[in-house]
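# Structural overview
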Amino acid sequence: MYLHLGQDIVVRSRDVIGIFDIENTSISKITREFLTFQEQHTKVVSVSYELPKSFVVCQEETGTTVYISQISCSTLKKRSGYIDEIAL
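This text gives an overview of the structure that appears in the document. (Residues numbered from 1 in each chain as written. Predicted model: local features only at pLDDT ≥ 70, side-chain atom pairs only at ≥ 80, totals over all residues. Heavy atoms only, no water.)

## With respect to helix α2 (residues 29-41)
The end-to-end C-alpha distance of α2 is 18 Å, a good match for the 18 Å that 13 residues give at a rise of 1.5 Å each. On its buried face, α2 sits against α1 (22-25), β4 (43-46), β5 (54-60) and β6 (63-69). (Helix = DSSP H or I, 4+ residues; strand = E, 2+ residues; numbered from the N terminus. Expected span 1.5 Å × (residues − 1). Contact = heavy atoms within 4.5 Å.)

## Some remarks on the nonpolar core
Of all hydrophobic cores here, the largest spans twelve residues; its members are Leu 3, Leu 5, Val 11, Ile 19, Val 45, Val 47, Val 56, Cys 58, Tyr 67, Ile 71, Cys 73 and Leu 76. Mapped by element, the contributors of at least two residues to this core are β1 (2-6), β5 and α3 (73-80). Counting residues in hydrophobic clusters, the runner-up holds six residues, among them Ile 22, Phe 55, Val 66 and Ile 68. (Core = buried A, V, L, I, M, F, W, Y, C linked by side-chain atoms within 4.5 Å. Buried < 20%, exposed > 50% of the residue type's maximum accessible area, 1.4 Å probe, protein only.)

## Topic: the pattern of salt bridges
Summed over all chains, the structure comprises three salt bridges. A salt bridge links Asp 15 to Arg 12, with the nearest nitrogen and oxygen atoms 3.0 Å apart. What makes Asp 15 buried here is its relative accessible area of 10%. Lys 29 serves as the salt-bridge partner of Glu 33, at 3.8 Å between the closest nitrogen and oxygen. Highlighted residues: Glu 33 and Lys 29, both in helix α2, separated by four residues, approximately one helical turn. (Salt bridge = Lys/Arg side-chain N within 4 Å of Asp/Glu carboxyl O.)

## Some thoughts on the sheet that holds β6
The four strands lie next to each other as β3-β5-β6-β4, forming an open sheet whose pairing is mixed. Each having just a single partner strand, β3 (16-21) and β4 make up the two edges of the open sheet. Between one strand and the next, the sheet's axes are offset by a mean angle of 20°, whatever the strand orientation. The pairing of β5 with β6 spans seven bridges and is antiparallel. Paired with Gln 59 across the bridge in β6 is Thr 64. (Pairing = 2+ DSSP bridges. Axes fitted to C-alpha atoms, helices over the stretch in contact; angles between N-to-C directions.)

## A word on the packing of aromatic side chains
For the coordinates displayed, the defined rule picks out one aromatic pair. When the ring of Phe 20 is compared with that of Phe 55, the centres are 5.1 Å apart and the planes differ by 25°; the resulting orientation is stacked. Here Phe 20 is found in strand β3, whereas its partner Phe 55 is found in strand β5, with 35 residues between them in sequence. (Phe/Tyr/Trp six-rings, centres within 6.5 Å; stacked < 30°, edge-to-face > 60°.)

Following this line, the structure appears as C-alpha cells:
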C-alpha cells in the first residue's frame, strides 16, 4: 500500500516510521535538533512550497528520508488506511 504525501510524492506505507504535526512537535528542542540533523546528514524532501503542516519520517532502502508536507496529520492518517487510534 502507498501513502500520497502531496504533489507527486508517494511512499510505501511500510516505510513510514511516523507522521508528526510540525507545529506541535517543533516546540520540543529535541525535535528541532532531529530535523536540523536530518537536514545536514540525510535526505529532507519538501513536498510543497505551501505552509508545512506535518513531516513524515520514512526508512527506505537508501536510508532515512524526512518528507515535509502541507497535508495535515489527520488527513495523512486517513490516507494511510490505519483504523487504530494513534497519538498524532
